[in-house]
Amino acid sequence: MQRTTSYGTTGTNENGSGGGGGGGGTATPQHQRRPSGASSSSSFASAYETACAAMNVVPLTQVLAAGTNLDLSRVCMSSQACAALGEALKFEGNITSLDLSDTSVSDTGCSSICEALKSNNAITSLNLRGNNIRQQGAIAVAELLKNNSAVTKLSLEWNTVGLWDQGIEAMSEALTVNKSLVYLDLRNNRISPQATSNIAHAMQHNTTLTHLDLRWNNMGIIGGKALVQALKHNFSLTFLDVAGNEVPADILQAIEIAILRNREIGVTNRMCLQDQASCRMDPELDTTTKSYRQLEQKCAGMKQDSRAEKNKNRKLQEFVKQLQEQNKGLSTQISELHSTIAEKEKQFGLQQEASRGLEKEVDQLHKTISQMERAAKAAEAETKTKLQAITGELQKTQATLSSTEKLGQQLKAQLSQEKERYEQHISEQQQQLSEAQKKEVNTGFHIIHWIHQQFTSMKEITSQELSQRENIVLDLQSKLNDMNAEITALQKELEAAHCNHEQLITALRNSITFLPTLIRAILVSKEIQAHQIQHITELQSLLARSESEGGDTKVQLAQTEAKLQNEHTEKEKVLKELELMSQYNKQTLENQAAQFAAKISAMESRLAAQEQSTLRQLASQEQANTKHIETITQQHQHSLHQEAEKYEKLLCRLEETLSAAHKLAFSEARRTAPNNTQHH
């Protein structure tokens, strides 16, 4: 829990002048001022009106009717209005307090006001609360504090002075030089730890500031430590409030102890000054000779007492030497504690760097996980697209197979029709031959010889055609063998599909490319059948010419019919084999596609399992890292608390010894004061 503490008050009046500070508690010097009255107010009003006319700004009634306190709070003022007011305030000696809170003057207006107040020695209180003052405004305020010795109270609450390093550095430098400012309000200014360190460095050299309000900023542990270090050298600051800055309780306690010490020092300084003033103002010690004679008489009687007091002084000196030795030992211990604290701070910094490195690693792991998820999603999309393409290609192959089946059925129907026509034609030829045999038995031998020659030529042609058909069948068988080899290769490639999807797709495409070859073979068979039909028509024509031939032609016709039937059966067998091969290819392709889909699903499940395992491992690592960091920070905080408690105990001992020595020295000084006066 953050402890809100307010370490004392300064006892300031309305104009910001306070007492109880260092440097003897003297009041602020009175500077040269113009005589107050109607003449000064009228001159200020006339100067303001002329400046407004030059700036083309409407004069404000509050400024024209101003007395010693000029209150312009919550009056929206432009940069021209601020410039006109600054011109009027340059040499004004009647106004002592200027309130510009919540007027939206920003950096430009603040710069013009501060530039004008450099030559003004009357205004002692300046309120710039809630004006969005940034870097340039802070630099202008710093220049004012360097060049003006009249302002004793300054309020900069609800601004953003601490966001820029140059502005806060300029104000810190001004505080080291300024000898008049007593009250400074820097609440809600987003002051960082580094900015707080700059202010603490300035406090080591400032001897007039007694009231400093740093509530609701961002100083943190580093800023609190810097203030504690500064208060070791500052003995004038009697009020310091750091609530709402996430400062630990031990640092707050150390600040409170230092502020109480400064108050006690201020009280003792006042008492000493009062004693000196009473001694100087006592007329009996300087004017009356009677008291001097009485003192001379008493000197003789007090010699013995002086000897005893000398012995006591010796003892006290020895005691003081012992205390000094103890202080030396304590200083060495304190230096050792400082060194250990510095080492532990270094260790804490290294731990913070390590924790940052771990956080970076965790971020990188998150990035890699996101990349893996993206890659998995991309792979899923690719697999889906590839499966869609494969299914499309399978559908195309099925369509082509169905078309080939339809073509085969059409070819079968055409063959059956041609067979029926051929049989009818043969029966008609036989009838015609029987009739021709009856009519013309004694035909010429030259016609038979010519028919024999034609028959031999036709026989040669049919033998050539049969050889060609056999070659075609052999080619088809070789192609079928090649297709079987390619199908086996495709099976091997499909078994390796989980390694490379593209190879599988190409293999499927290669397997599909062989279907047009089958279709071409079927078309070739159709062409062969057309040639056969042409030969049959030629034979029919020859038969028509050779109606008068004998039984030899019948035998030849029967042989040709048998050959044609054999060829037809062989073609049917080839077609059946082609159909079986197409069905087998279709089944194999479907099986391979199913296997490929199963492998893809298995791969997806494996990827999901791996992702879940990696996510679980990363979550466990993150939990372990956070626990480790928490334990390290707790140990470091515990050690720091212990060392701070030791340091506070040592400081308490030192303060007790110093207070005891101071009291003894003060009592001895009072005792020895009458002896010294008698001696004089």
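This is a predicted model, so every value here is computed, not measured.

Colleague: Please explain the overall build of the protein as it appears in this structure.
Modeller: If you tally the helices and strands in the protein, you get 15 helices and seven strands. Looking at the protein as a whole, 35% of its 680 residues qualify as buried. Looking at the protein alone, contacts between residues at least 24 apart form 87% of all its contacts between residues at least 6 apart. If you sum the accessible surface of the protein, you get close to 40200 Å²; carbon and sulfur atoms cover 53% of it.

Colleague: Quick question: what am I supposed to make of the nonpolar core here?
Modeller: Nonpolar side chains tend toward joint burial in soluble globular proteins. Core analysis: the biggest nonpolar cluster contains 72 residues, and M77, L85, V141, L212, L214 and L240 have the highest contact counts within it. Those elements that place two or more of their residues in this core are α1 (38-55), α3 (79-89), α4 (106-117), α5 (135-147), α6 (165-177), α7 (193-203), α8 (220-231) and α9 (249-281). Non-local contacts of L212, meaning those with residues more than four positions away in its chain, are made with L184, I199, M203, L237, F239, L240 and D241. In this structure, L330, I334, L337 and Y647 belong to the second largest nonpolar core, which totals six residues.

Colleague: Honestly, the layout of surface pockets in this entry has me stumped. Any pointers?
Modeller: To find the voids left in a structure, one rolls a probe of water-molecule size over its atoms. In this structure, the largest pocket occupies an estimated 1800 Å³ of space. In terms of lining, the largest pocket is formed by 50 residues, of which the most central are V228, K232, A254, Y647 and L651. Of all the secondary structure elements, the ones that give two or more residues to the lining of the largest pocket are α8, α9, α12 (303-439) and α15 (551-679). Ranked by the residues each element gives to the lining of the largest pocket, the list is headed by α15, at 18 residues. Within the lining of the largest pocket, the residues separate by chemical class into 28 nonpolar, twelve polar and ten charged.

Colleague: I would appreciate a short explanation of the sheet that holds strand β4 (residues 153-155) in the present structure.
Modeller: What links the strands of a sheet is backbone hydrogen bonding, and the strands pair in either a parallel or an antiparallel sense. Spatially, the seven strands line up as an open sheet ordered β1-β2-β3-β4-β5-β6-β7, and their pairing is parallel. Pairing within the sheet leaves two strands with one partner each, and these edge strands are β1 (69-71) and β7 (239-241). Pairwise comparison of adjacent strand axes, ignoring direction, gives a mean angle of 0 degrees for this sheet. Note: strand β5 (residues 183-185) against strand β6 (residues 211-213), three bridges, orientation parallel. By the bridge assignment, L184 is partnered in β6 with L212.

Colleague: When you look at α4 in this model, what are you seeing that I'm missing?
Modeller: Structurally, the α-helix is built with 3.6 residues per turn, so residues lying three or four positions apart point the same way. A rise of 1.5 Å per residue sets the reference length of α4, with its twelve residues, at 16 Å; its end C-alpha atoms lie 17 Å apart and thus fit the reference within 8%. For α4, the set of buried residues is D107, G109, C110, I113, C114, A116 and L117. Packed against the buried residues of α4 are α3, β2 (97-99), β3 (125-127) and α5.

Colleague: Just checking my understanding: could you explain the pattern of salt bridges for this structure?
Modeller: Working definition: two side chains of opposite charge can pair if their charged atoms are close together. Evaluated as defined, the whole model comprises ten salt bridges. Between K118 and E115 there is a salt bridge whose closest N-O contact spans 3.1 Å. Residue E115 is classed as partly exposed on the basis of its relative accessible area of 48%. Residues R215 and D241 are paired through a salt bridge, measuring 3.3 Å at the closest nitrogen-oxygen approach. Taken together, the residues R215 in the loop between β6 and α8 and D241 in strand β7 connect sequence positions 26 residues apart. Here the salt bridges share partners, and the residues they tie into one network are D102, R129, E157, D185, R187, D213, R215 and D241.

Colleague: I tried to follow the state of the cysteines on my own but got confused; where do I start?
Modeller: In a disulfide, the sulfur atoms of two cysteines are held together by a covalent bond. Evaluated as defined, the whole model comprises zero disulfides. No disulfide involves C76; its sulfur sits 9.2 Å from that of C82, the nearest cysteine. We classify C76 as exposed; its relative accessible area is 69%.

Colleague: For this particular structure, what's the right way to read the environment of I255?
Modeller: With respect to the helices and strands, the residue I255 is situated in helix α9. Here the alpha-carbon distance between I255 and D241, two residues 14 residues apart in the chain, equals 9.2 Å.

Colleague: Before we go on, may I ask you to explain the packing of α3 against α4 in this structure?
Modeller: Axes are the key here: two packed helices are described by the angle between their axes and the distance separating the axes. The interhelical angle for the contact between α3 and α4, taken along N-to-C directions, is 5 degrees, at an axis separation of 8 Å. Our classification of the angle between α3 and α4 gives roughly parallel. Residue-level inspection shows S79, C82, A83, L85, G86 and L89 of α3 in contact with α4, the latter providing T108, G109, S112, I113 and A116. Of the residues assigned to the contact of α3 with α4, the class counts are six nonpolar, five polar and no charged.

Colleague: Help me out: how do you make sense of the confidence of the model for the protein in this one?
Modeller: A low pLDDT score tells you not to read the predicted coordinates there in detail. Averaged over every residue, the pLDDT of the protein is 76; the share at 70 or more is 68%. Under a pLDDT of 50 for its full length, residues 1-38 has, in the predicted model, 76 contacts with residues more than four places off or in other chains. Predicted confidence for residues 284-288 stays below pLDDT 50, and this span has three contacts to residues more than four positions away or in other chains.

Colleague: Explain the environment of L358 here, please?
Modeller: Turning to its location among the elements, L358 is positioned in helix α12. Assessed through its relative accessible area of 24%, L358 is described here as partly exposed. Along the chain, L358 and N625 lie 267 residues apart, while their C-alpha atoms are 7.5 Å from each other. Ignoring anything within four residues of it in the chain, the contact list for L358 reads N625 and I629.

Calculation criteria
Residue numbers here run from 1 along each chain, matching the order of that chain's written sequence. A pLDDT threshold of at least 70 governs which residues receive local features in this predicted model, and a stricter bar of 80 or more applies before side-chain atom pairs are shown or counted, although totals over entire chains, interfaces and linings include all residues. Side-chain figures throughout are based on the complete set of non-hydrogen atoms in the structure, without hydrogens or water. Numbering goes from the N terminus for both helices and strands, where a helix is a DSSP run of H or I of at least four residues and a strand is a run of E of at least two. Think of it in three bands: with a 1.4 Å probe and only protein chains considered, a residue is buried below 20% of the maximum accessible area for its type, exposed above 50%, and partly exposed in between. Note on contacts: a residue pair is in contact if any heavy atoms of the two residues lie within 4.5 Å. A 1.4 Å probe and the Shrake-Rupley method give the accessible areas. Residues count as covered only by the protein chains that appear here. To form a nonpolar core, buried Ala, Val, Leu, Ile, Met, Phe, Trp, Tyr and Cys residues must be joined to one another through side-chain atoms within 4.5 Å. Only protein atoms enter the 1 Å grid, on which a cavity is a set of points fitting a 1.4 Å probe that cannot get out and a pocket is an open set with protein on both sides within 12 Å along at least 5 of 7 lines, lining residues being those with an atom within 4 Å of a point. Grid points are joined across faces, edges and corners, and a volume is the space filled by probe spheres set on the points. Only Asp, Glu, Lys and Arg are considered charged in this grouping, and only Ala, Val, Leu, Ile, Met, Phe, Trp, Tyr, Cys and Pro are considered nonpolar; every other residue, Gly among them, is considered polar. Pairing between strands requires that DSSP locate at least two bridges from one strand to the other. Axis definition: a line fitted to C-alpha atoms, over the contacting stretch in the case of helices. Angles run 0 to 180 degrees between N-to-C directions. Expected span of a helix, by definition, is 1.5 Å for each gap between consecutive residues, and there is one gap fewer than residues. One side-chain nitrogen of Lys or Arg within 4 Å of one carboxyl oxygen of Asp or Glu is enough to make a salt bridge. Disulfide: a pair of cysteine sulfur atoms within 2.5 Å of each other. Comment on the angle field: the value is read as roughly parallel under 35 degrees, roughly antiparallel over 145, roughly perpendicular from 65 to 115, and oblique elsewhere. Across the chain, each position has a pLDDT score giving the predictor's confidence in that residue, from 0 to 100.

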